[in-house]
Amino acid sequence: MTAAPEVLLPASADEAVSLFGDGTSVTVVGGGTIVMPEITYGRLTPTKALLLHRAGLDGVSRSGSTVTVGATTTVAALVGEAAPLGPCAANVADLEIRAQGTVGGNLCAGEGPEAPRGDLQGALLALGATVRSAGAGGITTEPLEEFLPKRSSRLVLDVSFEEPAAGAFAALDRPHAHTYTALAVSAVRTKEGAVRLAATGVGWWGTRLPSAEALAGDHEAAGKAALNDVNLHDDALASAWYRERTLPVLVRRALAQLEEAS
Amino acid sequence: MNLTVNGVEREVESAPLTPLLFVLRDELEIESPKAGCQQGGCGACTVLVDGEPRRSCLTPVVTVEGSQITTVEGLGSAESLAPLQEAFTHHYAAQCGFCTTGMIVAAHAYIEHGGGEDREQIQHALGGHVCRCTGYVKIVDAIAAVARGDSFDLTLTAPSHDMTNVGGAK
């Protein structure tokens, strides 16, 4: 091991924001499920590590129909939520890892050595979630879609969304609890009647499927149209060829589930 | 930094970000948690933190300061095995032993939380634990037996000699 990193242990959210600063040279440790192996295997040598376990950033709160999920809320804590978030959370790793991994880490997960990570991104994109984060320029709140490309330089504080009228989640099966999901589609019908669709496994982070949304009334057409919204790739989990054939199927399944749930 | 492991308070000098696994094995010489994949994917390093199964390889030691850490050494001893250790012996659920301690502490939490003998529920609870001897059937048998409240007469099933290694190889 190289020199031990400076360890920062904020006791409040404000302290975490101030210690994070503009994020330069700071490695954020939430649940540790992604960062710790990177350190153990020498792929990451933090100079400063910001540990969030005492920062008071955990917990799910509700105000009217708005749900706010703190950054260090565990994936396990979301399993009981309505679709698509609950079933999506239940599909992450095994129950012990779910009890350790956090929402903030899931949103900020960089691409893994073998495959994309961050399954919750799809469900939260479909929910139209907004992210409150800290970093250069102070605290900002923005749609998850705008947040994801800059996630490596931000400290997530919480993520909020409006409870939908209905939700659905469809994923390719995983061969083992510790395999990332090769492809998943989340669907939401808002209280205003709009349909939102998003996928994970179709790029290096979660992606909205606007062309499919526009044709949501016709499941078959929506499934095909989803291919216009993605830039498919090969990785250790699946080939682009396979993803191209299964994405329309998952879109159809999610829309069928959504129809049933509405 | 002080850690409470198996009810005993221990002082540790490891750096705060060191995985709990290496603090237990290298500094405190508690070697039942195994360094398998060291990236959360095998379950062999699992210990209980305040009664909940946690991957010690993924847990910076500073985050468990003030928590109760339990390894398989804290569940039973060679002289007085815990029910799960008896069941693993009786059902021949330990082969090479590498996954056994992680399986046992995870199964302990499962049963403490009221888990029953339903095989699917046991598989769900232990789904993150890999046994490369593929002894899953007997592992689930053993856990189901304890969940049912079976008692075990080890004079019939266990080797009559050294029992000190039950619950995992060093």
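Note that the structure is a prediction, hence the values are computed from the model and not measured.

1. With respect to the overall build of chain B
1) Next: In terms of helices and strands, chain B carries six helices and five strands.
2) Next: Taken from N to C terminus, the helices and strands of chain B fall in the order β-β-α-β-β-β-α-α-α-α-α.
3) Next: Against the compact-globule benchmark of 15 Å for 170 residues, chain B has a radius of gyration of 15 Å, which places it among compact chains.
4) Next: Seen through its principal axes, chain B has C-alpha atoms that stretch 45 × 35 × 25 Å.
5) Next: Going through the 170 residues of chain B one by one, you find that 51% of them count as buried.
6) Next: A separation of at least 24 residues holds for 65% of the contacts in chain B among residues at least 6 apart in sequence.

2. Things to note about the domain arrangement of chain B
Residue and element names in this part refer to chain B.
1) Next: Splitting chain B by domain gives domain 1 (2-74) and domain 2 (83-157).
2) Next: Computed over C-alpha atoms only, the centres of domain 1 and domain 2 are separated by 21 Å.
3) Next: Where the side of domain 1 that touches domain 2 is concerned, the elements lending two or more residues are β3 (46-49) and β4 (52-55).
4) Next: Looking at the side of domain 1 that touches domain 2 element by element, the count peaks at three residues for β3.
5) Next: Taken together, the residues that form the side of domain 1 that touches domain 2 break down as eight nonpolar, seven polar and two charged.

3. A few points about the interface of chain B and chain A
1) Next: Opposite the 23 residues of chain B that make contact, chain A presents 23 residues.
2) Next: With four residues, the single largest contributor to the side of chain B that touches chain A is β4(B).
3) Next: Considering only residue class, the side of chain B that touches chain A consists of 11 nonpolar, nine polar and three charged.

4. A few points about helix α2 (residues 83-90) of chain B
Residues that lie three or four places apart on an α-helix share one face, since the helix turns once every 3.6 residues.
All names here are of chain B.
1) Next: Across the eight residues of α2, eight count as buried, placing the element largely inside the fold.
2) Next: Of the positions making up α2, those classed as buried are Pro83, Leu84, Gln85, Glu86, Ala87, Phe88, Thr89 and His90.
3) Next: Buried-residue contacts for α2 involve α3 (100-112), α5 (136-148) and α6 (154-157).
4) Next: Taken from the residues just after α2, tyrosine 92 is the one with a positive phi, measuring 55°.

5. Looking at unusual backbone geometry
1) Next: Cis rather than trans, the peptide bond between A:Ala83 and A:Pro84 has omega equal to 5°.
2) Next: Its identity as a non-glycine residue notwithstanding, B:Asn6 has a phi of 50°, on the positive side.
3) Next: Considering the arrangement of structural elements, one finds B:Asn6 in the loop between β1 (2-5) and β2 (8-11).
4) Next: On the neighbour-count criterion, B:Asn6 (17 C-beta atoms within 10 Å) is partly exposed.
5) Next: Positive phi, close to 55°, is recorded for B:Thr134, a residue that is not glycine.

6. Looking at the sheet that holds β1(B)
Residue and element names in this part refer to chain B.
1) Next: The five strands lie next to each other as β2-β1-β5-β3-β4, forming an open sheet whose pairing is mixed. At either end of the open sheet lies a strand with only one pairing partner, and these are β2 and β4. Across the sheet, the mean angle from the axis of one strand to that of its neighbour is 40°, orientation sign disregarded.
2) Next: Where β1 and β2 come together, four bridges link them in antiparallel fashion. Bridge pairing in β2 places asparagine 2 opposite glutamate 11.
3) Next: The sheet contacts of α3 involve β3, β4 and β5 (68-70), and relative to β3 the element is tilted by about 35°.

Analysis parameters
Residues numbered from 1 in each chain as written. Chains lettered and ligands numbered in written order. Predicted model: local features only at pLDDT ≥ 70, side-chain atom pairs only at ≥ 80, totals over all residues. Helix = DSSP H or I, 4+ residues; strand = E, 2+ residues; numbered from the N terminus. Rg over C-alpha atoms; globule rule 2.2 N^0.38 Å. Buried ≥ 20, exposed ≤ 12 C-beta atoms within 10 Å, placed from the backbone. Contact = placed C-beta atoms within 7 Å. Domains from an automatic or database assignment. Nonpolar A, V, L, I, M, F, W, Y, C, P; charged D, E, K, R; others polar. Pairing = 2+ DSSP bridges. Axes fitted to C-alpha atoms, helices over the stretch in contact; angles between N-to-C directions.

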